[in-house]
Each structure stands twice: as C-alpha cells, then as structure tokens.
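What follows is each chain in one-letter form.
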Amino acid sequence: MTGVTQLLHDHYRATFLAHGATSQGVDWGPREEAARLRQDVMLAVVDGCRSGGTLLDVGCGYGALADRIVERGLDLDYVGIDVVAEMVAEARRRHPGRRFIHGDFLSLADPGGFDYVVCNGILTQKLAATTLEMNAHARRLIAALFAACRRGVAFNVMTTHVNYQADNLYYRNPAELVAWCMSELTPWVRLDHAYPLWEYTVYLHRDLARQGPGGCGHG
Ligand SMILES: C[S@@+](CC[C@H](N)C(=O)[O-])C[C@H]1O[C@@H](n2cnc3c(N)ncnc32)[C@H](O)[C@@H]1O
C-alpha cells in the first residue's frame, strides 16, 4: 500500500467505525441526497447503453453505489473493491449476490477488464499528503482505472473554481487535468463541472467511434 492509500485507509476506517453505513461513514457529510447525486453522476458513464455490462466500483466503501444500482433497477454486473475490511464486510452483508474484493486497487496484479470503472471519492481528500504526492497518486490511479476499463471510466476531483479551500482536501484544476488525460490516455473525454458539489467528474472513454451510436457496443 502506498503512503497516500495508507492515509486514506486509516481515515475512512475511522469515519466508518464512528458513523457506520451512512454518507458520514464514508465522510461525504450528512446530506444523503448529495451522496445520491454523486452516485448518479458516476452512473452517467453508462449513458447511451440500454443495459448490461460489467462495472467495477473502485473505493466502493460499504456498497452505496450497489444500493443505488438496485434502487434504479439498472442491469449492471457490479463488482466493488475497497481497502477497508470493515466496509467490505458490510457491503457483502448488504449485497450477498455481488462480488466485493478487499484490497488496494493499485496493488492488484491484474484488475481484469470491466466495461465501466468508476471511482467516487479517492481523489477528493489529501489529508496529510502533499499536493505533489497527491498529483503523483492521481496520475497513477487514473492511468490504472483506464487500463482496467473496456468502455469508460468516471472519477471525481475537487474543483479549484472555489473561493475557499480546506487544507485536508485535494483540489485540481479541471482544464489542466482534462488536458493531461487527453495527452496521456485518450482524446475521448467528457467533463461534468455543472453540478453543485464543488467538484467535477471526468469521463474517459475508449474509442467511441468504434463503439457505435451512443458510445456503446453492447445492450
Ligand atoms: C470517500 S470514500 C467513498 C466510498 C464510496 N465510493 C461512496 O461514495 O460511498 C473513498 C473510499 O475509497 C477507499 N479507497 C481509497 N483508496 C483506495 C484504494 N487504493 N483501493 C481501494 N479502495 C480505496 C477508501 O477506503 C474509502 O472507502
């Protein structure tokens, strides 16, 4: 486990032990509706696909995204991974039919090929890490997320377009991050900077031109 992942593990384990399977337990604050909005923004990565497909949820916490997939009746073959053992145990309890992996996504020898890979909240807190350490962590994580996907990735980051910055959060200029993704990973990029949570979501796709109308080769 890298230093940043160890910091995140210790932090989120503590919030989960204090607040349980709630948005506060994964340190998203007390507003469950904000957590739901984030989940729906993540799931927009599958938009244009009528149904089907495999989805890996990196940093799945206690399985809140799996709850939302069930609530919305989406036909997705979901797998979650999280580095906090207690969260994974809770996720398995809530969703006995789904697969949850306990471990560090960045340490997986072969994460396998998933149609979609989402990462909701690993690049939002930097805690005691420096910005340079977080920038290196972000590059490594985003490249690994993209390597694990066959169709698309969604991940979120705190925006620099704010008038106040908290020391514990990781802010990254969206234009600069999108430019890095386009030069290093794929030109098939979308940015959603238009929802009211002081963050944005980046979508990276494999070659949409080869996937047919709607960017979806299945369903
Ligand atoms: C802000 S929480 C969000 C949890 C969940 N995505 C949600 O929205 O309910 C971030 C989660 O990422 C997990 N995490 C951080 N780094 C990880 C890594 N390298 N591999 C797997 N999980 C990780 C943490 O343990 C924590 O549960």
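Residues numbered from 1 in each chain as written. Predicted model: local features only at pLDDT ≥ 70, side-chain atom pairs only at ≥ 80, totals over all residues. Heavy atoms only, no water.

A. Structural view of the pairing of strand β7 (residues 189-192). The pairing of β7 with strand β8 (residues 199-205) spans 4 bridges and is antiparallel. The residue bridging Asp-192 from the neighbouring strand is Thr-201, located in β8. Turn length for the β7-β8 hairpin, with the two strands adjacent in sequence and antiparallel, is 6 residues, and the turn residue Trp-198 shows positive phi of about 60°. (Pairing = 2+ DSSP bridges. Helix = DSSP H or I, 4+ residues; strand = E, 2+ residues; numbered from the N terminus.)

B. Structural context of the packing of helix α2 (residues 32-43) against helix α3 (residues 64-72). Their axes nearest at 10 Å, the elements α2 and α3 cross at an angle of 75°. Relative to α3, α2 is oriented roughly perpendicular. Between α2 and α3, the contacting residues are Arg-36, Gln-39, Asp-40 and Leu-43 on the first element and Ala-64, Leu-65, Arg-68, Ile-69, Glu-71 and Arg-72 on the second. Tallied by class, the residues present in the contact of α2 with α3 amount to 4 nonpolar, 1 polar and 5 charged. (Axes fitted to C-alpha atoms, helices over the stretch in contact; angles between N-to-C directions. Parallel < 35°, antiparallel > 145°, perpendicular 65-115°, else oblique. Contact = heavy atoms within 4.5 Å. Nonpolar A, V, L, I, M, F, W, Y, C, P; charged D, E, K, R; others polar.)

C. Main features of unusual backbone geometry. Within the chain, Leu-127 stands out as a residue other than glycine whose phi angle is a positive 55°. Tracing the chain through its elements places Leu-127 in the loop between β4 (114-123) and α5 (131-147). For Trp-198, which is not glycine, the phi dihedral falls at a positive 60°. Turning to its location among the elements, Trp-198 is positioned in the loop between β7 and β8.

D. Structural detail: the pairing of strand β2 (residues 77-82). For β2, the tally of buried residues reaches 5 of 6 residues, placing the bulk of the element in the interior. With 5 bridges connecting them, strand β1 (residues 54-58) and β2 associate as parallel partners. Directly across from Asp-57, in β2, lies its bridge partner Gly-80. As for the winding sense of the linkage, the β-α-β connection from β1 through α3 to β2 is right-handed. Both β2 and strand β3 (residues 99-102) contribute to a ladder of 4 bridges, which runs parallel. Opposite Ile-81, over in β3, you have Ile-101 as the bridge partner. Between the parallel elements β2 and β3, the chain passes through helix α4 (residues 85-94) in a crossover that is right-handed. (Buried < 20%, exposed > 50% of the residue type's maximum accessible area, 1.4 Å probe, protein only. Right-handed = clockwise from strand over helix to strand, strands pointing away.)

By themselves, these observations are geometric and do not establish any function.
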